[in-house]
Amino acid sequence: QVQLVESGGGSAQAGGSLKLSCVASGRTDRRYAMAWFRQAPDQGRKFVAGIDGGGGTTSYADSVKGRFTISRDNAKNTVFLQMDSLKAEDTAIYYCAATWGYEGVRTRGDFWGQGTQVTVSS
C-alpha cells in the first residue's frame with residue numbers, strides 16, 4: 001500500500017558527502033517509521049538509520065553514528081539520509097524502508113524501495 005522511490009545515489013570520494021532521498025506514495029501515514037538499510041556484495045542487508053513518524057527520534061548503526069543523519073519531511077512524504085565523511089566501507093546498495101511501529105525499525109520493513117547504489121572510492 002506504500003510505494004517508496006529512492007534517489008541520490010552515486011559515487012563519491014572518501015571523506016566526501018552524498019544525500020539520499022526516498023519519496024513515499026500511496027497509503028502514506030506519518031505514523032510510519034522510516035529507515036535506511038544497506039547491503040554490500042555477498043553481505044546481508046543491515047540497518048543503517050531509522051526515524052520515528054514525527055521525526056523526533058532517531059537511531060543509527062554504530063558504524064555510521066556521527067557521520068550520517070536521517071531526517072524526514074512529512075509534508076513532502078520524503079525521508080533523507082545525509083551521508084558525510086564517507087568511507088570506502090560505506091559502499092553498498094542503500095534501501096529505504098517503511099515500518100508500522102518505530103519499535104521494529106531496526107529489524108524489519110513493511111515496505112521497501114528498489115535500492116540505490118552508493119560507491120565510495122579511496
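Everything numeric here is computed off the predicted structure, so don't read it as measured data. (Residues numbered from 1 in each chain as written. Predicted model: local features only at pLDDT ≥ 70, side-chain atom pairs only at ≥ 80, totals over all residues. Heavy atoms only, no water.)

(A) Fine view of the overall build of the chain. Each helix and strand in the chain was counted, giving zero helices and eleven strands. Listing the helices and strands of the chain from first to last along the sequence gives β-β-β-β-β-β-β-β-β-β-β. Taking the principal axes of its C-alpha atoms as reference, the chain extends roughly 40 × 25 × 25 Å. Counting every position in the chain, which comprises 122 residues, the buried fraction comes to 45%. The long-range share in the chain, meaning contacts at least 24 apart out of those at least 6 apart in sequence, stands at 57%. Of the accessible surface of the chain, which amounts to about 6000 Å², a share of 46% is contributed by carbon and sulfur atoms. (Helix = DSSP H or I, 4+ residues; strand = E, 2+ residues; numbered from the N terminus. Buried < 20%, exposed > 50% of the residue type's maximum accessible area, 1.4 Å probe, protein only. Contact = heavy atoms within 4.5 Å. Areas by Shrake-Rupley, 256 points an atom, 1.4 Å probe, with all protein chains shown as cover.)

(B) Spatial organisation of the packing of aromatic side chains. A complete count under the given rule lists four aromatic pairs for this structure. A centroid spacing of 6.0 Å and a plane angle of 75° characterise the contact between Y32 and F111, whose relative ring orientation is edge-to-face. Residue Y32 is located in strand β4 (residues 32-39), and its partner F111 is located in strand β10 (residues 111-112); the two are separated by 79 residues in the primary sequence. Between F37 and F47, the ring centres sit 5.6 Å apart and the planes meet at 75°, which makes this aromatic pair edge-to-face. Residue F37 is located in strand β4, and its partner F47 is located in strand β5 (residues 46-51); the two are separated by ten residues in the primary sequence. With respect to burial, F37 and F47 carry one shared label: buried. Taken together, the ring pairs connect Y32, W100 and F111 into an aromatic cluster. Looking at R45, its charged tip hangs above the ring of Y95, at a distance of 3.7 Å from the centre. Positioned above the aromatic ring of W112, the side-chain terminus of R45 is 4.7 Å from the ring centre. (Phe/Tyr/Trp six-rings, centres within 6.5 Å; stacked < 30°, edge-to-face > 60°. Lys NZ or Arg CZ within 6 Å of the ring centre and 35° of its normal.)

(C) Up close: the side chain of R72. Along the chain, R72 falls in strand β7 (residues 68-73). Despite its burial, R72 remains without a salt bridge, the nearest opposite charge being carried by D52 at 5.8 Å. One polar contact links the side chain of R72 to the main-chain carbonyl oxygen of Y32, over a distance of 2.8 Å. A distance of 3.4 Å separates a polar atom in the side chain of R72 from the backbone oxygen of G53. The residues touching R72, leaving out its near neighbours within four places in the chain, are R30, Y32, A33, M34, I51, D52, G53, G55, T78 and V79. (Lys, Arg positive; Asp, Glu negative; His and termini not counted. Salt bridge = Lys/Arg side-chain N within 4 Å of Asp/Glu carboxyl O. Polar contact = N/O pair within 3.5 Å; in protein donor to acceptor, adjacent residues only side chain to side chain.)

(D) The arrangement of the pattern of salt bridges in detail. Tallying each qualifying case throughout the model produces four salt bridges. A salt bridge links R67 to D90; its shortest N-O distance comes to 2.8 Å. Placement of the pair is R67 in the loop between β6 (58-60) and β7 and D90 in the loop between β8 (78-83) and β9 (92-100), with a sequence separation of 23 residues. Taking relative accessible area as the criterion, R67 reaches 10% and is therefore assigned buried. Judged by its relative accessible area of 0%, D90 falls in the buried class. In this structure, a network of salt bridges that share partners links the residues R38, R67 and D90.

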